[in-house]
Amino acid sequence: MRRTVNSAFLVAAADIAVLFPFLRLVLLLVHDASAVGTEEQAGK
């Protein structure tokens, strides 16, 4: 029982470790895309 709980925690920790940089990358891309959109509108 304890081994299953430990492996579940390891899997969750690995998922979080992979998910956070991916989430930051997506947020960065969205932020860059919106910044480019506002720059184009300001140029008009």
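Residues numbered from 1 in each chain as written. Predicted model: local features only at pLDDT ≥ 70, side-chain atom pairs only at ≥ 80, totals over all residues. Heavy atoms only, no water.

**Focus: the overall build of the chain**
Piece 1. When its secondary structure is counted, the chain shows one helix and zero strands.
Piece 2. In the chain, which comprises 44 residues, the proportion classed as buried is 0%.
Piece 3. When the accessible surface of the chain is summed, it comes to about 4,300 Å², and 71% of that surface belongs to carbon and sulfur atoms. (Helix = DSSP H or I, 4+ residues; strand = E, 2+ residues; numbered from the N terminus. Buried < 20%, exposed > 50% of the residue type's maximum accessible area, 1.4 Å probe, protein only. Areas by Shrake-Rupley, 256 points an atom, 1.4 Å probe, with all protein chains shown as cover.)

**Topic: a nonpolar patch on the surface**
Piece 1. Together, L19, F22, L25, V26, L29 and V30 give the surface a local cluster of nonpolar side chains, amounting to about 570 Å² of exposed area.
Piece 2. Within the secondary structure, L29 sits in helix α1 (residues 2–43).
Piece 3. For L29, a relative accessible area of 53% puts it in the exposed group. (Patch = residues over 30% accessible without salt bridge, like charges linked within 9 Å, V, L, I, M, F, W, Y side chains within 5 Å. Salt bridge = Lys/Arg side-chain N within 4 Å of Asp/Glu carboxyl O.)

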